[in-house]
Amino acid sequence: MSEGQQEFYHISGRVDGERLESRLLEERIQAAVAAGHRAIEVESYGQHGIGGRLWIAGKEPVTVRVTGHSGQRLGAMGVEGTRIENFGPASDDVGWLNGGATIIVHGNAANGVGNAMSRGVIYVGGNIGSRGMTMTKYNPRFEPPQLWVLGSVGDYFGEFMAGGIAVVCGVESRTPENILGHRPLVGMVGGTVLFNGPHGGYSKTDAKILPLSDADWEWLSKNLQKFLGATGRMDVMERLSMRERWQKIAARSPHDQVIRKTRTIAEFRESVWDRELGAGGLVGDITDTDMSPIPLIPTGDLRRYVPVWENRKYLPPCQEACPAGIPVLDRWRLVREGKPEAAMDLALRYTPFPATVCGYLCPNLCMGACTRGAAGLPPVDITTIGKAGVHTKAPELPEITGGRVAVIGGGAAGISAAWQLRLAGHEPVVFDMADRLGGKISKLIPESRIPADVLDAELKRARDVLGHVQLEKALDREDVAQLTSAYDYVVIAAGARKPRMLKVPGIEKAYAASDFLARSKKGDAGASLEVGRRVVVIGAGNVGCDVAVEARRLGAESVVLIDVQQPAAFGKEKAHAEAVGAAFRWPCFTREITDEGVVLEDGEVIEADTVVVSIGDVPETDFLPETVALENGFVQVDGDFRTTDPKIFAVGDIVRPGLLTDSIGAGRKAASVISRMLKGEDAAGGRYSFEMAGKKDIDISEYAGFEEFGRMRDGVIEKSRVSLEYFDPRIPAAPGVSECSSNCASCGTCRDCGICEAVCPQSAIYREALPEDGFEYRVREDRCIGCGFCAGACPCGIWAIVANEPLA
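Residues numbered from 1 in each chain as written. Predicted model: local features only at pLDDT ≥ 70, side-chain atom pairs only at ≥ 80, totals over all residues. Heavy atoms only, no water.

A. Just the overall build of the protein chain, in detail. Broken down by element type, the protein chain carries 21 helices and 34 strands. When each of the 808 residues of the protein chain is scored for burial, the buried share is 51%. Long-range pairs, those at least 24 residues apart, make up 63% of the contacts in the protein chain between residues at least 6 apart in sequence. When the accessible surface of the protein chain is summed, it comes to about 37600 Å², and 51% of that surface belongs to carbon and sulfur atoms. (Helix = DSSP H or I, 4+ residues; strand = E, 2+ residues; numbered from the N terminus. Buried < 20%, exposed > 50% of the residue type's maximum accessible area, 1.4 Å probe, protein only. Contact = heavy atoms within 4.5 Å. Areas by Shrake-Rupley, 256 points an atom, 1.4 Å probe, with all protein chains shown as cover.)

See below:
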């Protein structure tokens with residue numbers, strides 16, 4: 001809708017016959033904008049500051065039309081997006097401190113127009129008073145401020161002008177013999193004045209006449225039409241289109257303004273510096289400080305800033321986000337170097353389930369943390385390399401050193417702990433009450449999320465590594481006490497197998513989510529599970545989503561997930577549930593469960609043939625010895641997953657509910673502590689810190705999989721240090737492992753690209769080869785000027801520019 005078609009919200013400067021104070025009128029204008037009005041007509045009675053400071057509108061444009069008699073400071077402190085049109089003359093200080101508004105005055109304006117403005121445009125369809133366009137500013141990030149005057153300007157125009165463009169047209173001037181007034185442009189240090197007509201002189205100390213260039217004329221012609229159109233004076237366009245009548249004045253440069261002979265630096269040093277501070281001078285006899293001249297661009301110790309090569313000092317965001325601590329970045333690096341097998345082997349140092357979890361079941365927190373997302377680029381897809389690891393051979397196992405550890409529970413946490421202990425040379429023995437390893441992965445997670453052949457392959461590999469596994473072994477408290485005596489340590493990883501159920505009438509009519517999923521996964525037996533046409537799932541988390549998907553597979557036509565709060569489901573599980581047509585409702589509070597369905601507190605009945613409760617599980621802890629303390633039904637542990645019994649550790653859901661990667665990471669950390677204790681080391685010390693700076697041909701055996709890889713580094717690298725400009729945003733997400741590896745930004749780890757060496761203007765950076773095919777980039781201090789080009793150009797954020805050490 002054009003401005004002429006806009007419906008204006010009217011605000012009067014007079015109420016009940018009384019003139020409003022300027023402050024009250026401004027409050028009404030601000031309130032109107034806050035209420036959503038973007039076209040406002042103000043009937044003014046001399047109030048000040050109309051149209052200014054409307055930043056409450058944000059980036060939305062606001063039009064303010066002023067009728068009547070406006071007071072001082074029309075549009076003062078105006079902001080970008082504000083358009084103020086004054087239908088009549090204006091008082092002093094129009095556009096004072098204007099920060100981006102467009103201000104149109106249909107008539108003359110008094111003194112101080114555009115005083116100290118830094119942005120925006122002011123159009124005056126008449127003459128202006130004294131000291132217009134004084135003390136203006138110019139920020140190179142924005143367009144310069146503009147002042148257009150149809151007539152002439154008053155005295156001291158452009159005083160201390162530091163930026164902007166002023167255009168004086170000289171039409172219907174009140175002083176046609178001198179359209180620039182008395183003593184214009186005194187103290188001018190920046191900006192330009194274009195004028196059409198005679199002048200009576202200007203400060204030649206500060207300004208000078210310059211030829212009107214073709215670019216000047218092109219800009220003037222284009223913007224002159226905007227000015228005359230805005231002020232309704234297109235009738236004078238032809239008169240103002242004669243190029244030969246226009247002149248240009250610009251500020252002199254500092255060198256132009258020098259009118260007295262100055263002393264050279266050499267003369268100053270000889271006549272002042274050396275005389276006062278040299279031998280025989282004020283301090284020359286009491287100090288041997290080097291008084292020689294400092295170069296204009298210093299090197300060495302005199303630099304203010306110095307570059308530091310911080311290769312592998314910081315963790316990449318992907319690895320920091322991974323609860324299992326998998327060095328995702330190094331896996332992609334190995335693929336880029338043509339070593340995909342090594343990349344697969346590396347994963348097995350951290351997890352026994354690179355395909356099952358990283359490829360299929362994990363919500364991939366590493367991808368969520370990927371630096372590429374900061375620039376709107378798709379993250380590097382870890383699932384591609386995860387799925388490719390399904391057929392990776394088991395790692396070579398060291399000889400057993402004699403340490404024996406009992407692991408109670410064959411789920412993700414227990415297998416992870418046992419896996420890491422075996423890789424460290426110890427002898428774990430896994431006990432599980434199920435007939436198959438894998439815990440909830442095997443028993444509950446539907447095959448729609450994890451293919452059976454993938455899980456089978458990884459469980460077989462784990463079984464081959466672990467060696468000693470006793471299935472269908474239910475343990476009681478006495479059994480655990482015997483294990484504690486017979487083994488060096490015990491790891492409790494029994495999970496949370498007891499479902500929480502609502503305490504409402506009719507709960508016996510509902511399935512627990514774990515029971516439902518277990519039955520639905522039992523092949524033919526699962527197929528016989530009759531769910532009917534309508535299924536209601538109470539609890540809309542990720543497990544509830546799995547229930548919803550299975551219910552649809554078993555024939556349900558309608559599946560509704562209800563929750564007392566916004567559903568906690570996220571990621572693949574929620575997307576899968578939505579894809580099969582499941583509906584989410586909240587907040588819904590269950591009163592009872594009947595044969596008709598779920599009755600809510602407000603009396604509504606959600607019809608259901610089958611109801612499934614999915615509100616979490618709690619551990620069964622009756623088998624634990626009394627020496628193991630509990631907290632809110634879960635096992636109490638310290639930061640190293642040690643329980644209150646010095647020989648018993650606990651990991652996984654029996655400690656706290658979490659992701660599969662949380663369980664894998666906990667099992668790895670507990671195994672790390674146990675391994676060190678079995679070796680007689682301090683459990684809290686000796687953590688592995690990766691220090692192979694620039695090493696390219698990495699032997700993955702040097703990665704201590706159960707150790708806190710890289711966690712001794714100095715935090716996570718700031719994403720702003722990584723240069724994503726090297727990646728083309730038009731290229732979609734990569735489809736394969738090799739393509740994905742090329743898209744990794746290698747945050748905080750040098751890719752040995754040599755850009756820093758090539759871009760250094762002083763040739764101060766060089767590559768130094770290290771033993772075992774390693775490398776390091778170093779700095780020649782006598783050449784480096786601390787310019788920071790290396791840091792600015794580094795794709796991976798390796799170089800940092802830091803303050804130099806102060807001189808002694």
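B. Here's a closer look at unusual backbone geometry. Cis peptide bonds are those with omega within 30 degrees of zero, and the linkage from Trp-586 to Pro-587 qualifies with -10°. For Pro-587, the position within the fold is in the loop between strand 23 (583–585) and strand 24 (590–593). If you check the backbone angles, Arg-73 has positive phi at about 60° while not being a glycine. Position of Arg-73 among the secondary structure elements: in the loop between strand 5 (62–69) and strand 6 (82–86). What makes Arg-73 partly exposed here is its relative accessible area of 30%. The backbone of Ser-746 shows a phi angle near 55°, a positive value even though the residue is not glycine. Here Ser-746 lies in the loop between helix 19 (737–743) and helix 20 (755–759).

C. Inspection of the packing of aromatic side chains at higher detail. Enumeration according to the criterion identifies 10 aromatic pairs in this entry. Here the aromatic rings of Trp-148 and Trp-219 are separated by 5.6 Å at their centres, their planes lie at 25°, and the arrangement is stacked. Of this pair, Trp-148 sits in strand 9 (residues 146–149) while Trp-219 sits in helix 2 (residues 214–231), placing them 71 residues apart in sequence. Residue Trp-148 is classed as buried on the basis of its relative accessible area of 0%. (Phe/Tyr/Trp six-rings, centres within 6.5 Å; stacked < 30°, edge-to-face > 60°.)

D. Highlighting helix 7 (residues 354–361). Burial runs high along helix 7: 7 of the 8 residues are buried. Buried residues along helix 7 sit in contact with helix 6 (340–348), helix 9 (382–387), helix 11 (440–443), helix 12 (452–466), helix 17 (571–579) and helix 18 (660–678).

E. Region of interest: the nonpolar core. Counting 64 residues, the largest nonpolar core has Trp-332, Val-491 and Val-651 as its most contacted members. By residue number, the principal contributor to this core is helix 10 (residues 412–423), which donates 8 residues. Setting aside chain neighbours within four positions, we find Trp-332 in contact with Val-380, Asp-381, Ile-382, Thr-384, Ile-385, Val-737, Cys-740, Ser-741 and Cys-744. With 45 residues, the next largest nonpolar core counts Leu-54, Ala-57, Leu-74 and Tyr-202 among its residues. (Core = buried A, V, L, I, M, F, W, Y, C linked by side-chain atoms within 4.5 Å.)

F. Examining the sheet that holds strand 25 (residues 597–600) more closely. Read from one edge to the other, the open sheet built from 3 strands follows the order 24-25-26, with strand pairing classed as antiparallel. Looking at the sheet topology across the chains shown, the edges are occupied by strand 24 and strand 26 (605–607). Neighbouring strand axes in the sheet, compared pairwise and without regard to direction, differ in orientation by 25° on average. In the sheet, strand 25 pairs with strand 26 via 3 bridges, with the strands oriented antiparallel. (Pairing = 2+ DSSP bridges. Axes fitted to C-alpha atoms, helices over the stretch in contact; angles between N-to-C directions.)

G. Focus on the sheet that holds strand 6. Judged by pairing direction, the sheet is mixed, and its 11 strands sit side by side in the order 1-4-5-6-7-8-9-10-11-13-12 without closing on themselves. Two strands lie at the open edges of the sheet, namely strand 1 (9–12) and strand 12 (207–210), each paired on one side alone. The mean angle between the axes of side-by-side strands here comes to 15°, regardless of whether they run parallel or antiparallel. Against the sheet, helix 1 (residues 22–34) contacts strand 1, strand 4 (39–45) and strand 5, and its axis sits at roughly 165° relative to strand 1. Contacts from helix 2 reach strand 6, strand 7 (99–105), strand 8 (119–124), strand 9, strand 10 (162–168), strand 11 (190–196) and strand 13 (246–251), with the element oriented near 65° to strand 9.

H. Focus on the side chain of Thr-749. Inspection of the secondary structure assignment puts Thr-749 in the loop between helix 19 and helix 20. Not counting chain neighbours up to four residues away, the residues in contact with Thr-749 comprise Asn-311, Arg-312, Leu-329, Cys-796 and Ile-798.

I. Representation of the pairing of strand 5. When strand 4 meets strand 5, the two strands line up parallel, connected through 7 bridges. Bridge pairing in strand 5 places Ile-40 opposite Val-64. Across 5 bridges, the pairing between strand 5 and strand 6 is parallel. Its bridge partner lying in strand 6, Val-62 is registered against Thr-82.

J. Up close: the pattern of salt bridges. Applying the stated criterion across every chain, the model contains 38 salt bridges. One salt bridge in this structure joins Asp-330 and Arg-312, with 2.4 Å as the shortest N-O distance. Linking Asp-330 in helix 5 (residues 328–336) with Arg-312 in the loop between strand 14 (305–309) and helix 4 (317–321), this pair joins segments that are 18 residues apart in sequence. Owing to a relative accessible area of 6%, Arg-312 belongs among the buried residues under this scheme. Each of Arg-312, Asp-330, Arg-333, Glu-337 and Lys-339 takes part in salt bridges that share partners, so that together they form one network. (Salt bridge = Lys/Arg side-chain N within 4 Å of Asp/Glu carboxyl O.)

K. The environment of Arg-477, seen in detail. In this fold, Arg-477 is placed in helix 13 (residues 477–486). Once the C-alpha coordinates of Arg-477 and Ala-800 are considered, the two residues, 323 residues apart in sequence, prove to be 57 Å apart. A polar atom in the side chain of Arg-477 sits 2.7 Å from the backbone oxygen of Leu-624. (Polar contact = N/O pair within 3.5 Å; in protein donor to acceptor, adjacent residues only side chain to side chain.)

L. View of the state of the cysteines. Per the counting criterion, the structure on display carries 0 disulfides. The closest cysteine sulfur to the non-disulfide-bonded Cys-790 is located on Cys-787, 6.4 Å from its own sulfur. In this structure Cys-790 comes out as buried when scored by relative accessible area, which is 7%. Just so you know, Cys-794 is unpaired, no disulfide at all, and the nearest cysteine sulfur is the one on Cys-796, 5.2 Å from it. (Disulfide = S-S within 2.5 Å.)

M. View of the pairing of strand 6. The buried fraction of strand 6 amounts to 4 of the 5 residues, a majority that puts the element mostly inside the structure. With 4 bridges connecting them, strand 6 and strand 7 associate as parallel partners. When the sheet's bridge partners are listed, Asn-86 is paired in strand 7 with Val-105.

N. Molecular detail of the confidence of the model for the protein chain. Put simply, the protein chain has an average pLDDT of 90, and 94% of its residues get 70 or more. Here residues 685–712 is modelled with pLDDT under 50, and outside its nearest four sequence neighbours on either side it reaches 91 contacts, counting other chains as well. (pLDDT = per-residue confidence, 0-100.)

O. Spatial organisation of the packing of helix 5 against helix 6. One way to put it is that helix 5 packs onto helix 6 with a least axis distance of 7 Å and a crossing angle of 160°. The pairing of helix 5 with helix 6 is recorded here as roughly antiparallel in orientation. As helix 5 packs across helix 6, the resulting crossing turns out to be right-handed. Residues Asp-330, Arg-331, Leu-334 and Val-335 of helix 5 form the contact with helix 6, whose participating residues are Pro-340, Ala-342, Ala-343, Met-344, Leu-346 and Ala-347. Partitioning the contact of helix 5 with helix 6 into residue classes produces 8 nonpolar, no polar and 2 charged. (Parallel < 35°, antiparallel > 145°, perpendicular 65-115°, else oblique. Left-handed = near helix turned anticlockwise from the far one by under 90°. Nonpolar A, V, L, I, M, F, W, Y, C, P; charged D, E, K, R; others polar.)

P. Structural context of a nonpolar patch on the surface. On the surface, a cluster of nonpolar side chains totalling about 300 Å² of accessible area is made up of Ile-294, Leu-302 and Leu-807. Tracing the chain through its elements places Leu-302 in the loop between helix 3 (265–277) and strand 14. (Patch = residues over 30% accessible without salt bridge, like charges linked within 9 Å, V, L, I, M, F, W, Y side chains within 5 Å.)

Q. Here's a closer look at the environment of Ala-434. As for its position among the elements, Ala-434 is in the loop between strand 16 (427–431) and helix 11. Sequence-distant contacts of Ala-434, defined by excluding residues within four places in its chain, comprise Leu-471 and Glu-472.

R. Looking closely at the environment of Thr-102. Mapping Thr-102 onto the fold places it in strand 7. Linking Thr-102 and Tyr-123, residues 21 residues apart in sequence, is a C-alpha distance of 7.9 Å.

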